[in-house]
Protein chains: 2
Amino acid sequence: MSSHSPEGPDGVDPADLDAARAALSRFMAQRGLKSTRQRDRIVDTFLSQEGYLNVEELLERVRRQDARISSATVYRTMKLLAECGLASARRFDDGQTRYEPQVGRHHHDHLICTACTRIIEFEDEEIEALQEQAAARHQFRVTHHKLELYGLCADCQQRGRT
Amino acid sequence: MSSHSPEGPDGVDPADLDAARAALSRFMAQRGLKSTRQRDRIVDTFLSQEGYLNVEELLERVRRQDARISSATVYRTMKLLAECGLASARRFDDGQTRYEPQVGRHHHDHLICTACTRIIEFEDEEIEALQEQAAARHQFRVTHHKLELYGLCADCQQRGRT
DNA sequence: GTAAGTGCAAACGTTTTGCAATGAA
DNA sequence: TTCATTGCAAAACGTTTGCACTTAC
């Protein structure tokens, strides 16, 4: 279950990680894409971490290992990962795109602390079911959805932040 | 109920509109802000319309009445309206901010058709209640939220679009 | 050898801002 | 008279792209 506890320290299930890398290899082979030093560094850094990262943060981490990787390459690689389903891209309320590894994960929704920007994930089957019902009332067929709850996390409430 | 049917032709309840303008006056007086020709045009144009508008669209409509209004002024005015609660700002999946008048309206969520970009609004008390419960499980205090269901509207399903 | 990938810098689209001129109170 | 507001153009922001060079296959 390690890959399902987004708030813990890094600890992605190695089996999930291998599966992800294999899936990526297949995807790249199929499209005639090449594996490169930069790509591998970015993918590894990204996948072995949990929760959302923006490109700036990811670039910073990647550059600790290889100072000469450019942000253009990170952007390009993240697009690739998003396309093949290994990363999910999100824009919360600030203007940036954030990516989250999608390795052996269920769909989940988000609690976003407006004081410390922490993002907590949760799942709720019952809400999902009601969403389908609400959509059906409008003859709407849902393909995907986003539920974001903004407010204060426990810590920030305790510290009296706003 | 006219102000609750976002898909109909323009038809905002005049009483709601007056209330909104009064609220804005109060807000501006309190902050020492001045009323100007440009501000009034933008506010009137914006408030007497329903559904989401991006700045470009709003600017276009405003310029039909006064060709010399700049986009900077529209941006500035919309920030103001968002601050005082008369407009709600949203970023859906493209990069732009859209504003929706908030005059005598309840909170509501969105069904977004990915084929024709139509936005249908809905409300669901039961979902709201479950959201609170889910948040409470994480000791999280919700201030506001977003629920967006993406997929195909009835029309686009019928036309076999994707 | 060939095509894909890289880094750089320039371009992009949206939004914000500095500034001198204008206008509301 | 004073200070907020305006329009303009320039800057800022996150992201994308054209290009010459490098690298994987």
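Cut-offs used in this document
Residues numbered from 1 in each chain as written. Chains lettered and ligands numbered in written order. Predicted model: local features only at pLDDT ≥ 70, side-chain atom pairs only at ≥ 80, totals over all residues. Heavy atoms only, no water. Helix = DSSP H or I, 4+ residues; strand = E, 2+ residues; numbered from the N terminus. Buried < 20%, exposed > 50% of the residue type's maximum accessible area, 1.4 Å probe, protein only. Contact = heavy atoms within 4.5 Å. Areas by Shrake-Rupley, 256 points an atom, 1.4 Å probe, with all protein chains shown as cover. Lys, Arg positive; Asp, Glu negative; His and termini not counted. Charge placed at Lys NZ, Arg CZ, Asp CG, Glu CD. Least-squares fit on C-alpha atoms with pLDDT ≥ 70 in both. Domains from an automatic or database assignment. Buried area = accessible area lost by both parts, 1.4 Å probe. Salt bridge = Lys/Arg side-chain N within 4 Å of Asp/Glu carboxyl O. Polar contact = N/O pair within 3.5 Å; in protein donor to acceptor, adjacent residues only side chain to side chain. Pairing = 2+ DSSP bridges. Phe/Tyr/Trp six-rings, centres within 6.5 Å; stacked < 30°, edge-to-face > 60°. Axes fitted to C-alpha atoms, helices over the stretch in contact; angles between N-to-C directions. Nonpolar A, V, L, I, M, F, W, Y, C, P; charged D, E, K, R; others polar.

Visitor: How should I be thinking about the overall build of chain A in this particular structure?
Guide: The number of helices and strands found in chain A is six helices and six strands. In chain A, the succession of α and β elements from N to C terminus is α-α-β-α-α-β-β-β-β-α-β-α. The principal-axis extents of the C-alpha atoms in chain A amount to approximately 45 × 45 × 30 Å. Within the span of chain A, comprising 162 residues, buried residues form 41% of the whole. Looking at chain A alone, contacts between residues at least 24 apart form 58% of all its contacts between residues at least 6 apart. Looking at chain A as shown, the accessible area adds up to about 8700 Å², and 47% of this sits on carbon and sulfur atoms. Seen as two clouds, the 23 positive and the 26 negative side-chain charges of chain A have centres 9 Å apart.

Visitor: Would you mind showing me how to read the relation of the copies chain A and chain B here?
Guide: The operation relating the pair of chain copies consists of a rotation about an axis and a translation along that axis. Superposing chain A onto chain B takes a rotation of 178° plus a shift of 0.1 Å along the axis, which leaves an RMSD of 0.5 Å. What we have between these two chains is a two-fold relation. Every residue of chain A has its C-alpha some distance from the rotation axis, and the shortest such distance is that of L147(A), at 2.1 Å.

Visitor: Just to check I follow, could you spell out the domain arrangement of chain A for this structure?
Guide: Interfaces are often sized by the accessible area lost when the parts come together. Residues and elements named next belong to chain A. For chain A, the assigned domains are domain 1 (9-101) and domain 2 (109-158). Between the C-alpha centres of domain 1 and domain 2 the distance comes to 25 Å. With eight residues of domain 1 at the contact, the number on the domain 2 side is seven residues. Buried area between domain 1 and domain 2, both sides added, is near 590 Å², and the carbon and sulfur share of it is 53%. Along the contact surface separating domain 1 from domain 2 lie one salt bridge. Scanning the region where domain 1 abuts domain 2 turns up two residue pairs in polar contact (both at pLDDT 80 or more).

Visitor: Please clarify how the sheet that holds strand β1 (residues 53-54) of chain A should be interpreted in this entry.
Guide: Either a parallel or an antiparallel arrangement is found when strands of a sheet pair, and the pairing is made through backbone hydrogen bonds. Residues and elements named next belong to chain A. The three strands are arranged β1-β3-β2 in an open sheet whose pairing can be described as antiparallel. If you trace the sheet from one side to the other, it starts and ends with β1 and β2 (87-91), each paired once. Of the strand pairs in this sheet, β2 and strand β3 (residues 97-101) are connected by five bridges, and their pairing is antiparallel. When the bridges of β3 are listed, S88 appears paired with E100.

Visitor: Teacher, can you tell me more about the packing of aromatic side chains here?
Guide: The geometry of an aromatic ring pair is captured by the separation of the ring centres together with the interplanar angle, meaning the angle of the planes. Residues and elements named next belong to chain A. Scanning all chains against the criterion turns up one aromatic pair over all chains. Aromatic pair Y52 and F92: ring centres 5.3 Å apart, planes at 90°, arrangement edge-to-face. Linking Y52 in the loop between α2 (37-47) and β1 with F92 in the loop between β2 and β3, this pair joins segments that are 40 residues apart in sequence. Taken as a pair, Y52 and F92 share a single burial class, namely buried.

Visitor: Help me out: how do you make sense of the sheet that holds strand β6 (residues 141-152) of chain B in this one?
Guide: Judged by pairing direction, the sheet is mixed, and its six strands sit side by side in the order β5(A)-β4(A)-β6(A)-β6(B)-β4(B)-β5(B) without closing on themselves. A strand with exactly one partner marks an edge of an open sheet, and here the two such strands are β5 (119-122) of chain A together with β5 (119-122) of chain B. Neighbour to neighbour, the strand axes of the sheet diverge by 20° on average, direction disregarded. Bridge count for strand β4 (residues 109-113) of chain A against strand β6 (residues 141-152) of chain A is four bridges, and the pairing is parallel. Bridge assignment links C113(A) to a residue of β6(A), and that residue is G151(A). Each of β4, β5 and β6 of chain A together with β4 (109-113), β5 and β6 of chain B is contacted by helix α5 (residues 125-137) of chain A, which is oriented at about 125° to β6(A), the strand it contacts most.

Visitor: How should the interface of chain A and chain B be read in this particular structure?
Guide: At the junction of the two partners, chain A supplies 36 residues and chain B supplies 36 residues. Interface of chain A and chain B: buried area, both sides summed, is about 3200 Å²; carbon and sulfur atoms make up 61% of it. Sorting the residues of chain A by area buried against chain B places F140(A), K146(A) and Y150(A) first, and these three jointly supply 19% of that buried surface. Connecting chain A to chain B are two salt bridges. Between R137(B) and D124(A) there is a salt bridge, and its shortest N-O distance comes to 3.7 Å. In this assembly, chain A and chain B are joined by 14 residue pairs in polar contact (both at pLDDT 80 or more). Counting residues per element, the ones that place at least two in the side of chain A that touches chain B are β4, β5, α5, β6 and α6 (154-158) of chain A. No other element matches β6(A), which puts twelve residues into the side of chain A that touches chain B. Taken together, the residues that form the side of chain A that touches chain B break down as 17 nonpolar, ten polar and nine charged. Across eleven bridges, β6(A) lies against β6(B) in antiparallel orientation. Looking across to β6(B), one finds that K146(A) is bridged to E148(B).

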